[in-house]
Amino acid sequence: MSVADTHDAAPEAYDDDAIVAAVTERLQGEYSFEGEAGRGGMATVLLARRRSDGQRVALKILRRGVAQALGAHRFLREIRIASDIHAATLMPLVASGEVDGSLYYVMPFAGGGSLRQRIETERQLPIDEAIRIARAIAAGAGALHQQGYIHRDIKPENILLGEHGEAWLADFGIARALHSAATDLRTSTGIVLGTPSYMSPEQAGGEEVDGRSDLYAIGCVLYEMLAGTPPFQGASTMAVIARHMSEPPPALQVVRPAVGDALNAVVLKALAKTAADRHAHATAFIAALDAVARGDPTGRTPMRRRRSVPVRAAMGVATAGAVALGATWFTQRPPALADDRVMVFPFVDSDSGHGAEGEQLAMLLGTALERTEATTWLDGAPLLTARERAEPQATPVGRLRAVAAHARARYYIDGTVVHRNDSVTVQVRLSDATDGSVVERATESAPAGKTASNGLAIRALVRVMPALVGLSRVVNMADLSGHDPVAIDSWLRGEREFRRRRMEPALRLLQQAVAADSTLAPAAFRAAIAANWTERGDTARALIRLALRQSATLAPRQRQFATALERYFAGRADEAMTSLRPLLGGEGATADEWMLAGEIQLHLLPTVGVDSLARRAIPAPTEWPHEALAEAAFTTAVRLDPGFLPPVAHLAEFAARRGDTAAFARHATRLRLESADSGLVVRMRAVDLCLRQGTGASGWRADVAGNARLVFDVGSALRAGTAPAAHRCAIAAYSALLASQSPKDDEYWGSLVALHGIHAAHGNTERALRVVDTAVAAGLGSALGLFVLDAAAGLPVGERATPFLRQLSAAIETRGPASLWLLTLDAARRADTAQLARIHARVQARSRAATAGRLDSLVTRIAAAYLAVAVHDTTRAIDMLDALTPTAAPDELEQSLWEPLAPERLLHARLLLRRGRYADAHRVASTFDHPNIYVHLLFLRPSLELRLAAATALADPRLITQAQDRLDALRRIAAP
């Protein structure tokens, strides 16, 4: 019953895939392709190696709409112009061309990724490094300006980093081609020239620009490197542009007190609104940065200073990997140590009879580290003197630290190997070159002759690796020392990304770990969770099955957890909760386990909780508050592991829904400061802005075009809120989406079901029905199913559903489970016992067939329950409805019309109320407060009315007040 089931894939995505396939096929003779690095609004990026010399390159293939707007002739002309401009910090173009109208260009591979990725990972860069990168980019821009060109799109995405700290300004050719095609692009593709967060006021205003506009953009980038966010942000593109043109930048030193007055002055000058008030040219900007680097408090270049080496020479990349920034820089400030650089020194061997075993072990560990994705191994032996290599035991520890620090390695490894008559022992030490402290050490021993020292060294290395990614306190490596270090490295880095709630890179790294070592079960089930977070349900289920196939390698507690996770992904909520429950008691419970308990309550509809006696308590429970149970579980997870961020996002949304602004601000601030998930941070800001200021549908509409998913996520976070402001925000978000999107768009179906339900909950029946009428008129035939549910919820739909139901009934033999369920609802509403009996007989026969699936069995039990009601067998009906539970996976349950079994739960509560089982009736009806089930909103009002009746019969003042207040609040909310 989802739009996604009735429409083909988006043509544009298909076109892009076809374009990539065509280009790669044509260029196979020149390049060997290693995979896709990413897709953006402009291009698809592939990683490749040039067959002629093995050079690794990035090949960018323009999207069809961009290529068509540019035109092959214009694109290739501008690319050729860009290729003629050379500077040490301009990323050169290796090649460009056209394949059947598809345009591409090639540039060297930058091993350090983009500055955007670096900022997303670290948020705020070290001050000296931010200055160095800004200086390099200014030098590259200055080279363009000297040739009479302007970049026009300097931003972190267009700044690429090398593995050893180099920085290059990229994509000048494509930016120039875009400017050349400005008129066509505005009218045909909607591409914005420049990026609003980094555009100078004159560029945003459509005026003529010169090199000072690029310097403004570099000032914005420098501000972001220091503060963690661009100087100006807003809810829409126009809001950002307006702030650039009229507001002073927020005080940099408030968010980064370590920024001195001199650097602050340089940034403010670069961000001057009027071009004449900025640095006159790139050379002046670089000189101001140099003065800050030297510690000159005035930020001015001394009058008698000897002219420095030309920019091109000063910014050249030395072959050894260090960035040559000129003598004045290095003599004043030592370069920052790089967290991903590890130097390995020869081990101390207690037995000289084993020759050069100490050096061999160091080489072995270095080679193992070199194979990992994000660690740069440096061989320390060549940097020692001949005597130090020959007698490593005599080398002072301080000497090792100094050598590592000189090479900018944050960490260094040394160790010992001890041979005894009956055993071999290898110890590996990981130390921090910042202060020389030992971060982690691991010792492995084995009987002599049983295990070579090589194997012991690798096992010890694996045990210290968590410390390299800051996870030594939360990852137990005791049972994993026999695994491949490459797989372990990918797993640990994926674990770190997961804990910072960066699910996309987490999943990529964790899948790499599993690919390298399929027996690494902890990586497989962590990858399953990340896949679920990123809405890849099939991938999640496949990964958890892989983990369970390796269950013999898991500790008993891990096996139990993996079993609960598999049942959760399969939608078997009660089984998942029952499997997990033994792990939650006692002192051994972990944040992972409590996180899963919260996810089960939040994304499924379990009837069991942490307490196995909850349903049988005396007195009988009157509420089953899924959100409260989930919140308690997430709070426990954070208490057990304060550095674990995934539950914090949920806690922030809970607070937003109930209007607890203080709690929301606390959680959102923590996510902003600690999470590297920029999408999450943006969503939290949007939620905060809407709750505080209110946003009408017209205000959201501008954002839908640029980021429909953000608008949808804000609505989804707030739609089930009890605070009036939350409801109004959700209405505005969903209204904007429905007004701006096609029924084929991904967010349309969820927006339709949610907005329809919200209007119904508020008593705005006419608006609720009008929303569906509009969707049907737009061609979304499946929306007619909502009218059948409306009738079950008591809305006066008239004859809207009649033609649709006749159509279903006319071909009943071929209809699927969802259609048969709708026919069952209609027959039950009309008390058509004969039709119910026919449907039940039909679905029962189908459920007994060899090809029967989960849904056939579910519809059979639903039809049987309605038939029992129709023949007045209330006792049997209650028993059947009590045993009826949803069986859908989380990604299928939330937006489905029928998988949550909402009409059946409401019927169940009504029958219990008639039987005088008031507490049970109230408990069942309370499940409609579940915040993640879209269709629940449609049944919220009748469920509250039923709860009020049950509470009155129970003479419970608290429950009476609670239900009455909720109903009154729904009546008071004025829809925009």
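The notes below deal with the structure included here. (Residues numbered from 1 in each chain as written. Predicted model: local features only at pLDDT ≥ 70, side-chain atom pairs only at ≥ 80, totals over all residues. Heavy atoms only, no water.)

**As for empty space enclosed by the protein**
And then number 1: Scanning the entire structure with this criterion turns up 6 cavities of 30 Å³ or more.
And then number 2: A volume near 200 Å³ is recorded for the largest cavity.
And then number 3: Every residue lining the largest cavity is counted, 14 residues in all, and those nearest its centre are Thr607, Leu884, Arg905, His908 and Val924.
And then number 4: Of all elements in the fold, only α40 (874–883), α42 (902–914) and α43 (918–926) reach the threshold of two or more residues within the lining of the largest cavity.
And then number 5: No other element matches α42, which puts 3 residues into the lining of the largest cavity.
And then number 6: In this structure, the second largest cavity is lined by 14 residues; those nearest its centre are Ile529, Trp533, Met595, Leu596 and Glu599.
And then number 7: Elements represented by at least two residues in the lining of the second largest cavity include exactly α22 (521–533), α24 (556–569) and α26 (591–603).
And then number 8: Each residue belonging to the lining of the second largest cavity can be placed in one class, and the counts come to 10 nonpolar, 1 polar and 3 charged. (1 Å grid on protein atoms, 1.4 Å probe; cavity = no way out; pocket = protein on both sides within 12 Å on 5 of 7 lines; lining within 4 Å. Points joined across faces, edges and corners; volume = space filled by probe spheres on them. Helix = DSSP H or I, 4+ residues; strand = E, 2+ residues; numbered from the N terminus. Nonpolar A, V, L, I, M, F, W, Y, C, P; charged D, E, K, R; others polar.)

**Some thoughts on the environment of Leu884**
And then number 1: Residue position: Leu884 is located in the loop between α40 and α41 (890–893).
And then number 2: Under the relative-accessibility criterion, Leu884 is labelled buried at 8%.
And then number 3: Along the sequence, Leu884 and Glu904 sit 20 residues apart, while their C-alpha atoms lie 8.5 Å from each other. (Buried < 20%, exposed > 50% of the residue type's maximum accessible area, 1.4 Å probe, protein only.)

**A look at the packing of α26 against helix α28 (residues 646–657)**
And then number 1: Taken N-terminus to C-terminus, the directions of α26 and α28 make an angle of 40 degrees; their axes are 11 Å apart at the nearest point. Our classification of the angle between α26 and α28 gives oblique. Viewed along their axes, α26 and α28 form a crossing whose handedness is left-handed. Residues Met595, Glu599, Leu602 and His603 of α26 form the contact with α28, whose own contacting residues are Pro646, Pro647, His650 and Phe654.
And then number 2: Among the residues making up the contact of α26 with α28, the classes are represented as 5 nonpolar, 2 polar and 1 charged. (Axes fitted to C-alpha atoms, helices over the stretch in contact; angles between N-to-C directions. Parallel < 35°, antiparallel > 145°, perpendicular 65-115°, else oblique. Left-handed = near helix turned anticlockwise from the far one by under 90°. Contact = heavy atoms within 4.5 Å.)

**Looking at the sheet that holds strand β1 (residues 31–39)**
Picture the strands of a sheet paired through backbone hydrogen bonds; they go either parallel or antiparallel.
And then number 1: With antiparallel pairing, 5 strands are arranged side by side in an open sheet as β1-β2-β3-β5-β4. Here the strands that pair on one side only, and so sit at the sheet edges, are β1 and β4 (95–99). On average, adjacent strands in this sheet sit at an angle of 25 degrees to one another, irrespective of strand direction.
And then number 2: As paired strands, strand β3 (residues 56–62) and strand β5 (residues 102–108) are joined by 5 bridges and run antiparallel to one another. Paired with Lys60 across the two strands is Tyr105, which belongs to β5. (Pairing = 2+ DSSP bridges.)

**A look at the packing of α22 against α24**
And then number 1: The geometry of α22 relative to α24 is characterised by a closest axis approach of 11 Å and an angle of 30 degrees between their N-to-C directions. Comparing the axis directions of α22 and α24 gives the class roughly parallel. Viewed along their axes, α22 and α24 form a crossing whose handedness is left-handed. Of the residues in α24, those in contact with Pro522, Phe525, Ala528, Ile529 and Asn532 of α22 are Gln558, Phe561, Ala562, Leu565, Tyr568 and Phe569.

**Looking at the side chain of Asn932**
And then number 1: Note that Asn932 resides in the loop between α43 and α44 (936–954).
And then number 2: Here Asn932 falls in the buried class, since its relative accessible area comes to 12%.
And then number 3: A polar atom in the side chain of Asn932 sits 3.4 Å from the side chain of Glu894.
And then number 4: Aside from chain neighbours lying at most four places away, what touches Asn932 is Leu602, His603, Arg719 and Glu894. (Polar contact = N/O pair within 3.5 Å; in protein donor to acceptor, adjacent residues only side chain to side chain.)

**Brief notes about the pattern of salt bridges**
And then number 1: Applying the stated criterion across every chain yields a total of 52 salt bridges.
And then number 2: Of the charged contacts, one joins Glu566 and Arg572 as a salt bridge, the two residues approaching to 3.7 Å between their closest N and O atoms.
And then number 3: Among the salt bridges present, the one from Arg854 reaches Glu899, with a minimum N-O distance of 2.9 Å. Of this pair, Arg854 sits in helix α39 (residues 854–870) while Glu899 is found in the loop between α41 and α42, placing the two residues 45 residues apart along the sequence.
And then number 4: Classification of Arg854 by relative accessible area gives partly exposed; the value is 33%.
And then number 5: Here Glu899 falls in the buried class, since its relative accessible area comes to 6%.
And then number 6: Residues participating in the shared-partner salt-bridge network are Arg118, Glu122, Glu129 and Arg132. (Salt bridge = Lys/Arg side-chain N within 4 Å of Asp/Glu carboxyl O.)

**Section: helix α4 (residues 115–122)**
And then number 1: Along α4, the positions that sit buried rather than exposed are Leu115, Arg116, Arg118 and Ile119. Within α4, the buried residues cover an arc of 160 degrees as seen down the axis, which keeps them to one side.
And then number 2: Taken together, the buried residues of α4 touch α5 (127–146), β6 (159–161) and α9 (211–227).
And then number 3: A positive backbone phi angle near 70 degrees is found at Arg123, which sits one or two residues after α4. (Arc of directions from axis to C-beta.)

**Concerning the pairing of strand β11 (residues 409–419)**
And then number 1: The sheet contact formed by strand β8 (residues 338–344) and β11 spans 4 bridges and is parallel. If you follow Val344 over to β11, its bridge partner there is Ile413.
And then number 2: Alignment of strand β9 (residues 348–349) against β11, held across 2 bridges, turns out to be parallel. For Asp349, the partnering residue across the bridge sits in β11 and is Val417.
And then number 3: For β11 and strand β12 (residues 423–432), the ladder comprises 9 bridges, and the chain directions are antiparallel. If you follow Thr416 over to β12, its bridge partner there is Gln427.

**Considerations on unusual backbone geometry**
And then number 1: Positioned with a positive phi, Ala831 is a non-glycine residue whose angle comes to about 55 degrees.
And then number 2: Tracing the backbone shows Ala831 in the loop between α37 (817–829) and α38 (833–847).
And then number 3: Look at Ala831 and you get exposed, because its relative accessible area is 55%.
And then number 4: Not every positive phi belongs to a glycine, and Ala955 is a case in point at roughly 55 degrees.
And then number 5: With respect to the helices, strands and loops of the structure, Ala955 is situated in the loop between α44 and α45 (957–972).

**Quick word on the pairing of β8**
Looking along a regular strand, one sees the side chains alternate between the two faces of the sheet.
And then number 1: A large share of β8 lies buried, amounting to 5 of its 7 residues.
And then number 2: Note that β8 and strand β10 (residues 376–379) share 4 bridges and pair parallel. What sits directly across from Met343, in β10, is Leu378.

**Focus on the packing of aromatic side chains**
How two aromatic rings sit relative to each other is given by the distance of their centres and the angle of their planes.
And then number 1: Counted according to the given criterion, the structure contains 10 aromatic pairs.
And then number 2: Each ring, one from Tyr568 and one from Phe569, has its centre 5.5 Å from the other, and the planes form 45 degrees; the classification is tilted. By the burial criterion, Tyr568 is buried, and Phe569 matches it.
And then number 3: Taken together, the aromatic side chains of Phe712, Tyr734 and Tyr934 make up a single cluster linked through ring pairs.
And then number 4: When the ring centre of Tyr934 is taken as origin, the NZ or CZ atom of Arg719, which lies over that ring, is 3.6 Å away. (Phe/Tyr/Trp six-rings, centres within 6.5 Å; stacked < 30°, edge-to-face > 60°. Lys NZ or Arg CZ within 6 Å of the ring centre and 35° of its normal.)

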